[in-house]
Amino acid sequence: MTAQNQASAFSFDLFYTTVNAYYRTAAVKAAIELGVFDVVGEKGKTLAEIAKACNASPRGIRILCRFLVSIGFLKNAGELFFLTREMALFLDKKSPGYLGGSIDFLLSPYIMDGFKDLASVVRTGELTLPEKGVVAPDHPQWVTFARAMAPMMSLPSLLLAELADRQANQPLKVLDVAAGHGLFGLAIAQRNPKAHVTFLDWENVLQVARENATKAGVLDRVEFRPGDAFSVDFGKELDVILLTNFLHHFDEAGCEKILKKAHAALKEGGRVLTFEFIANEDRTSPPLAATFSMMMLGTTPGGETYAYSDLERMFKNTGYDQVELKAIPPAMEKVVVSIKGKAQL
Ligand SMILES: Nc1ncnc2c1ncn2[C@@H]1O[C@H](CSCC[C@H]([NH3+])C(=O)O)[C@@H](O)[C@H]1O
């Protein structure tokens, strides 16, 4: 084992847990669907109480809850099963950090179908999903994404807005490419009353961004531009272009096409903010970055998780003068700030 390999030592346990990892998937999905986490809460409940409140069988709840304890999704003490404060932050439906809704996208039959015959995907280099997978035009899966994943992006969108526009008191022309729910652009519009934000995505997805812009009360300062990011006009003299969770869907040639278009649309001193899961240079860590690449393997024809040096090379190849990596803790994703010409990073 090399020093930088972080996975645990190989063992029977690792093999068995991994081969049966879909039990974890099924258990967490079932618990969310049955409302187990909401019923249990931080105060805790007995197995009999949980079964009753979830309208479920005692044996099912008994086995499910014990398994959830074993994988760290519940705690128990004596008769009581409960959530710690930290678990409740992510698992309680009432919490602003609730992650449960993301299963509508992550565990949708469409996404999971991409992994039914991974050996074939690896052997042939072709998806088993129809057409171009999730990067097919107007793909309905992105409407689900925009609704299901938005809560996970609410904190990162605030952190990115701060990085994009520190002063937040000057006119700012922003393009949010592949905006999805639109939270990233909206955070800038809400922070700076002089900002004007254009959201680009497929028409069906922009409907969700439009709803969110209405809720945010900024409809008078936003614009919606439907269509393909590879062909729709990006505009000109822009201050900021957001590329959040987008580049990983494409191969390097595809990414460079987008970066060139963005460069042409920026004003001198303008910047692109790329928000991504970025792999370490070993490309096997952090584990989430390697996991994310698997998602791209099953669902896109050419995408993967990039390391910073890959992104830096692509930005340099397409004419950007300054490129820098910034962390925005506690977000796990990082931001590459790329400037056209000279400006303060
Ligand atoms: N060719 C394309 N042109 C425009 N949008 C696209 C294209 N391919 C994928 N998308 C959109 O890319 C988005 C990726 S998900 C990222 C959404 C958001 N920026 C966020 O960071 O959470 C989805 O909303 C897709 O609809």
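Residues numbered from 1 in each chain as written. Predicted model: local features only at pLDDT ≥ 70, side-chain atom pairs only at ≥ 80, totals over all residues. Heavy atoms only, no water.

Break down the overall build of the chain for me, with residues and values.
Secondary structure summary: the chain contains 16 helices and nine strands in total. The C-alpha atoms of the chain give a radius of gyration of 22 Å, which matches the 20 Å a tight globule of 345 residues would have. Dimensions of the chain, computed from C-alpha atoms along their principal axes, come out at roughly 65 × 50 × 40 Å. Burial statistics for the chain: of 345 residues in total, 49% are counted as buried. In the chain, 67% of the contacts between residues at least 6 apart in sequence involve partners at least 24 apart. Approximately 17300 Å² of the chain is accessible, and the part contributed by carbon and sulfur atoms is 57%. (Helix = DSSP H or I, 4+ residues; strand = E, 2+ residues; numbered from the N terminus. Rg over C-alpha atoms; globule rule 2.2 N^0.38 Å. Buried < 20%, exposed > 50% of the residue type's maximum accessible area, 1.4 Å probe, protein only. Contact = heavy atoms within 4.5 Å. Areas by Shrake-Rupley, 256 points an atom, 1.4 Å probe, with all protein chains shown as cover.)

Report on helix H16 (residues 308-317), specifying residues and quantitative values.
One turn of the α-helix equals 3.6 residues, which is why residues spaced by three or four share an orientation. Of the positions making up H16, those classed as buried are Tyr308, Asp310, Leu311, Met314 and Phe315. For H16, the arc enclosing every buried residue in end-on projection is 160°, short of the 170-degree limit, so these residues lie on one face. Summarising the contacts, the buried residues of H16 are in contact with helix H14 (252-265), strand S7 (266-276), strand S8 (322-327) and strand S9 (334-339). (Arc of directions from axis to C-beta.)

Would you mind going over the site of the ligand in detail, with residue names and values included?
Close to the ligand lie 20 residues, the nearest being Ala178, Asp201, Ala229, Thr244 and Asn245. Alanine 229 places a polar main-chain atom, nitrogen or oxygen, 2.8 Å from a nitrogen atom of the ligand. Here a nitrogen atom of the ligand sits 2.7 Å away from a polar atom, N or O, in the side chain of threonine 244. Summarising the interface, the protein chains cover 98% of the accessible area of the ligand, which totals 570 Å² for the free molecule. Where the shell around the ligand is concerned, the elements lending two or more residues are helix H10 (141-148) and strand S4 (195-201). When its residues are assigned to classes, the shell around the ligand shows twelve nonpolar, six polar and two charged. (Near = heavy atom within 4 Å. Polar contact = N/O pair within 3.5 Å; in protein donor to acceptor, adjacent residues only side chain to side chain. Nonpolar A, V, L, I, M, F, W, Y, C, P; charged D, E, K, R; others polar.)

With reference to specific residues and values, describe the pattern of salt bridges.
Overall, the coordinates contain 14 salt bridges when judged by the stated rule. Measuring nitrogen to oxygen at the nearest pair gives 3.4 Å for the salt bridge that ties aspartate 92 to lysine 94. What makes lysine 94 exposed here is its relative accessible area of 70%. Its salt-bridge partner being aspartate 113, residue lysine 116 comes within 3.0 Å of it at the nearest N-O pair. Since its relative accessible area comes to 67%, lysine 116 is described here as exposed. Shared partners join several salt bridges into a network, and the residues in it are Glu252, Glu281, Arg283, Asp310 and Arg313. (Salt bridge = Lys/Arg side-chain N within 4 Å of Asp/Glu carboxyl O.)

Just give me the short version of the packing of aromatic side chains, but keep the residues and values in it.
Taken as a whole and assessed by the stated rule, the structure comprises twelve aromatic pairs. With a centroid separation of 4.9 Å and an interplanar angle of 85°, the aromatic rings of phenylalanine 105 and phenylalanine 145 are classed as edge-to-face. Linking phenylalanine 105 in helix H7 (residues 103-106) with phenylalanine 145 in helix H10, this pair joins segments that are 40 residues apart in sequence. Among the residues examined, phenylalanine 105 registers a relative accessible area of 3% and is labelled buried. For phenylalanine 145, a relative accessible area of 15% corresponds to the buried category. Cluster of aromatic residues (ring-pair linked, three or more members): Phe105, Trp142 and Phe145. The ring of phenylalanine 224 has arginine 210 lying over it, and the distance from NZ or CZ to the ring centre is 4.7 Å. A cation sits over an aromatic face here: lysine 261 above phenylalanine 234, 4.1 Å from the ring centre. (Phe/Tyr/Trp six-rings, centres within 6.5 Å; stacked < 30°, edge-to-face > 60°. Lys NZ or Arg CZ within 6 Å of the ring centre and 35° of its normal.)

Just give me the short version of the UniProt feature "domain: O-methyltransferase C-terminal" (unreviewed entry) in the chain, but keep the residues and values in it.
Within the UniProt annotation, "domain: O-methyltransferase C-terminal" (unreviewed entry) is assigned to residues 173-320. Across residues 173-320, the secondary structure splits into 41% helix and 24% strand, with the terminal C-alpha atoms separated by 19 Å. (UniProt positions renumbered as here; feature names shortened; annotations may be inferred.)

Talk me through the nonpolar core; I want residue IDs and the actual numbers.
Grouped together as the largest cluster of nonpolar side chains are 48 residues, with contacts concentrated most on Phe105, Val177, Ile241, Leu243, Phe246, Val272 and Tyr320. Per element, the largest residue contribution to this core is five residues, and it comes from H14. Sequence-distant contacts of isoleucine 241, defined by excluding residues within four places in its chain, comprise Leu175, Val177, Ala262, Ala265, Leu266, Arg271, Val272 and Leu273. In terms of nonpolar packing, the next biggest core, distinct from the first, is built from 34 residues, Leu172, Ile188, Ala189 and Phe199 among them. (Core = buried A, V, L, I, M, F, W, Y, C linked by side-chain atoms within 4.5 Å.)

How would you explain a nonpolar patch on the surface if you had to name every residue and give the values?
A surface patch of nonpolar side chains, about 520 Å² in accessible area, is lined by Phe12, Tyr16, Tyr22 and Tyr23. Where the nonpolar patch is concerned, the elements lending two or more residues are helix H1 (12-19) and helix H2 (21-34). Examined against the element boundaries, tyrosine 22 turns out to sit in helix H2. (Patch = residues over 30% accessible without salt bridge, like charges linked within 9 Å, V, L, I, M, F, W, Y side chains within 5 Å.)

Please set out the packing of H1 against H2 residue by residue, giving values where relevant.
Relative to each other, H1 and H2 sit at 50°, their axes nearing to 4 Å. Our classification of the angle between H1 and H2 gives oblique. Note on element contacts: H2 touches H1 through Ala21, Tyr22 and Arg24, opposite Thr17, Thr18 and Val19. Partitioning the contact of H1 with H2 into residue classes produces three nonpolar, two polar and one charged. (Axes fitted to C-alpha atoms, helices over the stretch in contact; angles between N-to-C directions. Parallel < 35°, antiparallel > 145°, perpendicular 65-115°, else oblique.)

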